Amino acid sequence: MGGRREAPEAQLSLGGFEKKLASERLFFGVFPDVAAQVAIATETDALRVEHSLQGRPIEASRLHVTLHHLGDHPEVRGDIVEAAVAAAGRVSLAPFDVTLASACSFGGARRQHPCVLLCQGEYATLHALWRELGTQLMAVGMGRHVKRDFTPHVTLLYDTQVLAPQAIEPIRWTVRDFALVHSLLGRGEHRILGTWNLR
């Protein structure tokens, strides 16, 4: 009778069972070589000046084409990493060329729009890598992370403005490998967990 009741806030706190925020991202990606990184950075600067974009450019070493996104997690999932490594080890494709030929923004309801460089229309080999890696991910039970469509692009920055599609001076490089990446969300850092050479 008359026992002290906890405040609603205290009742809701279950000591260690609160939902943790996702801070660790895992993905497979293809990274441009150094010459292409420099060319992309130069193009980014030109677009910022021409269109008065205020977004901060992504560091050259972090520029990439995402192949498959493996989720955002409160901590690095060892089971996902293990399965991803197994899938990547089964991929067998020869090196191929990639060309970035246009710039635009991805729209939608978001406030900050990704400003990107799109791969040229003839990117069958890049799609082949995406499909083969996706097939191997499904084979190791990671099918939930494989999307049905793929728009290969390199994100340059995020901005409130929407950049209309426009051609750029083509930027080319030869894809010789792909990587499994641990991205530390909000901390601007990529950690390479594994790299697989195309052969």
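Reading the values: rules and limits
- Residues numbered from 1 in each chain as written.
- Predicted model: local features only at pLDDT ≥ 70, side-chain atom pairs only at ≥ 80, totals over all residues.
- Heavy atoms only, no water.
- Helix = DSSP H or I, 4+ residues; strand = E, 2+ residues; numbered from the N terminus.
- Buried < 20%, exposed > 50% of the residue type's maximum accessible area, 1.4 Å probe, protein only.
- Contact = heavy atoms within 4.5 Å.
- 1 Å grid on protein atoms, 1.4 Å probe; cavity = no way out; pocket = protein on both sides within 12 Å on 5 of 7 lines; lining within 4 Å.
- Points joined across faces, edges and corners; volume = space filled by probe spheres on them.
- Expected span 1.5 Å × (residues − 1).
- Arc of directions from axis to C-beta.

1. Overview of the overall build of the protein
Link 1 in the chain: Per the secondary structure count, the protein includes four helices and eight strands.
Link 2 in the chain: Of the regular secondary structure in the protein, the N- to C-terminal order runs α-β-α-β-α-β-β-α-β-β-β-β.
Link 3 in the chain: Across the 199 residues that make up the protein, the buried fraction comes to 40%.
Link 4 in the chain: In the protein, the share of contacts with a sequence separation of at least 24, taken over all contacts with a separation of at least 6, comes to 79%.

2. Re the layout of surface pockets
Link 1 in the chain: The volume enclosed by the largest pocket comes to roughly 1100 Å³.
Link 2 in the chain: Around the largest pocket, the lining comprises 35 residues; the ones closest to its centre are Arg-25, His-64, Thr-66, Thr-155 and Tyr-158.
Link 3 in the chain: Breaking the lining of the largest pocket down by element, the ones donating at least two residues are β1 (24–30), β2 (65–73), β5 (153–159), β7 (177–184) and β8 (189–197).
Link 4 in the chain: Broken down by element, the residue count for the lining of the largest pocket peaks at five residues, all from β2.

3. Comments concerning helix α2 (residues 34–51)
Link 1 in the chain: For α2, with 18 residues, the first-to-last C-alpha span of 26 Å sits near the 26 Å given by 1.5 Å per residue.
Link 2 in the chain: Listing the buried residues of α2 in full gives Ala-36, Gln-37, Ile-40, Glu-43, Thr-44 and Leu-47. On an axial view of α2, the arc spanned by its buried residues comes to 125°, and they lie on one face. In α2, the exposed positions that point more than 90 degrees away from the buried face belong to Val-34, Ala-35, Val-38 and Val-49.
Link 3 in the chain: On its buried side, α2 packs onto β3 (96–105), β4 (113–119), β5 and β6 (166–175).
Link 4 in the chain: Phi turns positive, to about 55°, at Ser-52, one or two residues after α2.

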